[in-house]
Amino acid sequence: MRGWQLDLVAKVAENVVGRDGWLLEVGSFYGNSASAFARAARQQGSRMPIVGLDTWLGERKMWAKKGPWLQLDKHGTPRLWEQFMTNIIHWQLTDQIIPFRLTSGEGVPFLLSLVRTGVIPPPAAIYLDTAHTYHETLLELESAWPLLASGGILVGDDFDLWWPPVQQSVLE
């Protein structure tokens, strides 16, 4: 992660840790962001739980290019899940990062149902970093807000010139 991203991660972790909360990461990919949040929390003396919501199947641009990001096995199946777990185990973060294998369209409403029935508290922070399409980003923003704890932080990745659909959905 770049320097400004680490500053953002530290601020989000500080807010979540200070509230004894947990963080929902929507789009975990290889686990780099989740591990950065986990390490930032540990520096503050916390083992803040991080739920990583992802299918670990990649997104359509990856599939269109069938590039190295997918790490396809001999049967054409992406190995993103295996890479994620390898990273989390290697970084010794299995006690803090909880993988949740669903689409955001299924996972976020499920978590919201658990919050509304008092099974779990709402996340103190949500970090969005998924397919970067206009419609998906807009849907995730709309579904994430009701899940977020009062006073919580909703942040995302790739609000830059490389991802105009992300910018458009956020600004609308």
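The notes below deal with the structure included here. (Residues numbered from 1 in each chain as written. Predicted model: local features only at pLDDT ≥ 70, side-chain atom pairs only at ≥ 80, totals over all residues. Heavy atoms only, no water.)

1. Overview of the environment of F110
Step number 1: Along the polypeptide, F110 turns up in helix 5 (residues 104-116).
Step number 2: Residues F110 and L147 lie 37 residues apart in sequence; the distance between their C-alpha atoms is 10.0 Å. (Helix = DSSP H or I, 4+ residues; strand = E, 2+ residues; numbered from the N terminus.)

2. Examining helix 4 (residues 80-90)
Step number 1: Restricting attention to buried positions, one finds in helix 4 the residues L80, F84, N87 and I88. The buried residues of helix 4 occupy an angular sector of 95° when the element is viewed end-on, so they sit on one face. Opposite the buried face of helix 4, by more than 90 degrees, sit the exposed residues I89 and H90.
Step number 2: For helix 4, the secondary structure elements touched by its buried residues are strand 3 (97-101).
Step number 3: The first or second residue beyond helix 4 is Q92, which carries a positive phi of 55°. (Buried < 20%, exposed > 50% of the residue type's maximum accessible area, 1.4 Å probe, protein only. Arc of directions from axis to C-beta. Contact = heavy atoms within 4.5 Å.)

3. A few points about the nonpolar core
Step number 1: V12, V16, L23, F37, M48, I50 and I97 are the most contacted members of the largest nonpolar core, which totals 26 residues.
Step number 2: Elements supplying a minimum of two residues to this core: helix 1 (3-18), helix 2 (32-43), helix 4 and strand 4 (125-128).
Step number 3: No other element matches the six residues that helix 2 contributes to this core.
Step number 4: If sequence neighbours within four positions are ignored, V12 has contacts with L23, F37, A125, I153 and V155. (Core = buried A, V, L, I, M, F, W, Y, C linked by side-chain atoms within 4.5 Å.)

4. Structural notes on the sheet that holds strand 3
Step number 1: The five strands lie next to each other as 3-2-1-4-5, forming an open sheet whose pairing is parallel. Each edge of the open sheet carries a strand with a single partner, namely strand 3 and strand 5 (153-156). Direction aside, the axes of adjacent strands within the sheet are offset by 20° on average.
Step number 2: Note: strand 1 (residues 23-26) against strand 4, four bridges, orientation parallel. Paired with L24 across the strands is I126, a residue of strand 4.
Step number 3: The sheet contacts of helix 5 involve strand 1, strand 2 (50-54) and strand 3, and relative to strand 1 the element is tilted by about 165°. (Pairing = 2+ DSSP bridges. Axes fitted to C-alpha atoms, helices over the stretch in contact; angles between N-to-C directions.)

All we've got here are geometric facts, nothing functional implied.
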